[in-house]
Amino acid sequence: MVEMACDLAVEQRTLRLPAIINLVNQLLEPTIAPLAETHAYPQLTLRPEADCKRYEALCAAGRVAA
């Protein structure tokens, strides 16, 4: 596996250790098959909206609790 990962790293023109470790992990971990029944999941009816004020309030509450 390591030799194969090193060969892939050379093909990708990278010899950095983190890249080789990532390639080894990709070769060792099984590929996750896509879900077949995606229509069974609930669909969003409202588009999510970012609310930075709510996030800031949660951060401020965390400082008070700490």
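Refer to the structure above for everything that follows.
It should be emphasised that the depicted structure is a prediction, and the values quoted were computed from it without experimental measurement.

*Asks:* Report on the overall build of the chain, specifying residues and quantitative values.
*Replies:* Within the chain, the secondary structure is distributed over three helices and zero strands. Traced from its N-terminal end to its C-terminal end, the chain shows the element sequence α-α-α. Here the C-alpha radius of gyration of the chain, 22 Å, is well above what a compact globule of 66 residues would show, namely 11 Å. Viewed in the frame of its principal axes, the chain has a C-alpha envelope of about 50 × 40 × 20 Å. Looking at the chain residue by residue over its 66 residues, the buried ones come to 9%.

*Asks:* Can you tell me about the nonpolar core, naming the residues and giving the values?
*Replies:* Core analysis: the largest hydrophobic core is formed by five residues, namely A5, A9, I20, L23 and V24. Elements with a minimum of two residues in this core: α1 (2-11) and α2 (17-28). No other element matches α2, which puts three residues into this core. Apart from the residues lying within four places of it in its own chain, the contact partners of A9 are T14, I20 and L23.

*Asks:* Outline the state of the cysteines, listing residues and values.
*Replies:* One way to say it: the disulfide is the covalent bond shared by the sulfur atoms of two cysteines. All chains considered together, the criterion is met by zero disulfides. Looking at the unpaired C52, the closest cysteine sulfur is the one in C59, lying at 10 Å.

*Asks:* Summarise unusual backbone geometry; cite the residues concerned and give the values.
*Replies:* Phi angles above zero are rare outside glycine, and R13 is one such case at about 60°. Tracing the backbone shows R13 in the loop between α1 and α2. On the accessibility criterion, R13 (80% relative accessible area) is exposed.

*Asks:* Which residues make up the packing of α1 against α2, and what values do they have?
*Replies:* For the pair α1 and α2, interaxial distance at closest approach is 9 Å and the crossing angle is 125°. Here α1 is positioned oblique relative to α2, judged by the angle of their axes. Crossing of α1 over α2 shows right-handed handedness. From α1, V2, M4, A5, C6, L8 and A9 reach across to α2, where they touch I20, L23, V24 and L27. Of the residues contributing to the contact of α1 with α2, the split by class is ten nonpolar, no polar and no charged.

The rules behind each value
- The residue numbering used here restarts from 1 in each chain and proceeds along that chain's sequence as written.
- Totals for whole chains, interfaces and linings use every residue, but because this is a predicted model, local features are given only for residues with pLDDT of at least 70 and side-chain atom pairs only at 80 or more, for both listing and counting.
- Hydrogens and water are ignored here; the side-chain numbers use all heavy atoms of the structure.
- Each helix corresponds to a stretch of at least 4 residues labelled H or I by DSSP, and each strand to a stretch of at least 2 residues labelled E; elements are numbered beginning at the N terminus.
- Computation of the radius of gyration draws on C-alpha atoms, with the globule rule given as 2.2 Å multiplied by the number of residues to the power 0.38.
- Throughout, exposure labels follow a simple rule: accessible area from a 1.4 Å probe, protein chains only, divided by the maximum for the residue type, with under 20% read as buried, over 50% as exposed, and the rest as partly exposed.
- Working definition of a nonpolar core: buried Ala, Val, Leu, Ile, Met, Phe, Trp, Tyr and Cys residues. They are joined through side-chain atoms within 4.5 Å.
- Between two residues, a contact is recorded if the distance between any of their heavy atoms is within 4.5 Å.
- Criterion for a disulfide: a pair of cysteine sulfur atoms within 2.5 Å.
- Under this scheme, a helix contributes an axis fitted over its contacting stretch, all axes are lines through C-alpha atoms, and angles between N-to-C directions fall in the 0 to 180 degree range.
- Between 65 and 115 degrees an angle is taken as roughly perpendicular, under 35 as roughly parallel, over 145 as roughly antiparallel, and anywhere else as oblique.
- Here a crossing is taken to be left-handed if its near helix is turned anticlockwise relative to the far helix by less than a right angle, and right-handed if that turn runs clockwise.
- Think of it as three bins: nonpolar holds Ala, Val, Leu, Ile, Met, Phe, Trp, Tyr, Cys and Pro, charged holds Asp, Glu, Lys and Arg, and polar takes everything else, Gly as well.

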